[in-house]
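# Breakdown of the fold
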Amino acid sequence: MISEHVNRAGQLEALTGKLGVSILITDELYRKLPNPADFGIRFIGLVLPYGEDRPLRLYDVYAGDTAEVRKLKNETRSSFETAVEWYRNGRFYDAREAFLQIIKRNRWDQAARLYFYQCDEYFQNGAPADWDGTLILT
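Not measured: the values here are computed from a predicted model. Note on numbering: residues in each chain are counted from 1, in written sequence order. Only residues with pLDDT of at least 70 get local features here, since the model is predicted, and only at 80 or more are side-chain atom pairs given and counted; chain-wide, interface and lining totals rely on the full set of residues. Where side-chain values are given, they derive from all heavy atoms of the structure, hydrogens and water being excluded.

## Side note on the overall build of the protein chain
For clarity, the cut-off: By the criteria applied, helices consist of DSSP H or I runs no shorter than four residues and strands consist of E runs no shorter than two, each listed in order from the N terminus. Throughout, radius of gyration means the C-alpha value; the globule benchmark is 2.2 Å times the number of residues raised to the power 0.38. Burial status follows relative accessibility: with a 1.4 Å probe on protein chains alone, a residue under 20% of its type maximum counts as buried, one over 50% as exposed, and anything between as partly exposed. When checking whether two residues touch, look at their non-hydrogen atoms; a contact exists if any pair is within 4.5 Å. Each accessible area is a Shrake-Rupley result for a 1.4 Å probe, and residues are judged covered by the shown protein chains and nothing else. Asp and Glu are treated as the negative residues and Lys and Arg as the positive ones, with His and the ends of the chain left uncounted. For the purpose of locating charges, the reference atoms are NZ of Lys, CZ of Arg, CG of Asp and CD of Glu.
In terms of helices and strands, the protein chain carries five helices and three strands. Ordered by position from N to C terminus, the α and β elements of the protein chain give α-β-α-β-β-α-α-α. The C-alpha radius of gyration of the protein chain comes to 15 Å, within 12% of the 14 Å expected for a compact globule of 138 residues. Within the protein chain, buried positions represent 41% of all 138 residues. Summarising the internal contacts of the protein chain: among those between residues at least 6 apart in sequence, 58% fall at separations of at least 24. As presented, the protein chain carries roughly 8,100 Å² of accessible surface, and 51% of it is formed by carbon and sulfur atoms. Side-chain charges of the protein chain comprise 18 positive and 20 negative groups, with the mean position of each set lying 5 Å from the other.

Laid out in structure tokens, this is it:
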């Protein structure tokens, strides 16, 4: 089967492994949820899937994670989302320090780890001239 939806599902599945999350949803689905607060969800940020020319706003649905990981993601959700916004606004030092604290609290948080390394790189060497706030996954 070939369609835009199948392609997008494959892209999201590939990103789950890179980000270390179980379920990713797009902003389009997030906005359709009747009560997103009923789910364990956190904003991951803008991510450019392979083969796309526009980044997607993605959310980590962690309601299905282990009890310990859910607890830790709940405890760090606000800090994580604030750090993502700092990253998107080019405040790499602040974001890096916030992600470091999240990793210290939740060593399983692969998304925080990816952001930490990207922030560290951009803080030390500067972001590319065409950088637009998107998390770059290689």
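Don't stop here, the text continues.
## Focus: the pattern of salt bridges
Counted only if it meets this: Within this document, salt bridges are pairs made up of a side-chain nitrogen of Lys or Arg and a carboxyl oxygen of Asp or Glu, the two lying within 4 Å of each other.
Under the definition given, this model contains 13 salt bridges. One salt bridge in this structure joins R91 and D94, with 2.9 Å as the shortest N-O distance. The partly exposed category is assigned to R91, whose relative accessible area is 39%. Within this structure, R42, D60, D65, K73 and D109 form a network of salt bridges that share partners.

## Points about the packing of aromatic side chains
As a reminder of what qualifies: Stacked, edge-to-face and tilted are the three classes for Phe, Tyr and Trp ring pairs, Trp counted by its six-membered ring, which pair at centre distances within 6.5 Å; planes under 30 degrees apart are stacked, over 60 edge-to-face, the rest tilted.
Under the counting rule described, the total for this entry stands at 14 aromatic pairs. The interplanar angle of 80° and the centroid separation of 5.0 Å between the aromatic rings of Y87 and Y115 together place this pair among those described as edge-to-face. With a gap of 28 residues between them, Y87 in helix α3 (residues 67-88) and Y115 in helix α5 (residues 110-125) connect regions that are remote in the sequence. Taking the relative accessible area as the measure of exposure, Y87 reaches 0% and is therefore buried. Given a relative accessible area of 0%, Y115 falls into the buried group. Between Y87 and Y122 the ring centres are 6.4 Å apart and the planes differ by 15°, which places this aromatic pair in the stacked class. Remark: Y122 occurs in helix α5 and Y87 occurs in helix α3; sequence separation between them is 35 residues.

## Considerations on α5
Rules: Residue count minus one, scaled by 1.5 Å, sets the expected span of a helix. Contacts described as polar in this section are N or O atom pairs within 3.5 Å, which, within protein, must combine one atom able to donate a hydrogen with one able to accept it, while residues neighboring in sequence count only if both atoms come from side chains.
In this model, α5 (16 residues) spans 23 Å end to end at C-alpha, consistent with the 22 Å of a helix rising 1.5 Å per residue. Looking only at α5, the buried set comprises A111, A112, Y115, F116, Q118, C119, D120 and Y122. Among the residues of α5, the N-terminal cap falls to D109, whose side-chain oxygen and the backbone nitrogen of A111 are separated by 3.3 Å. Of the residues one or two after α5, G126 is the one with positive phi, at around 85°.

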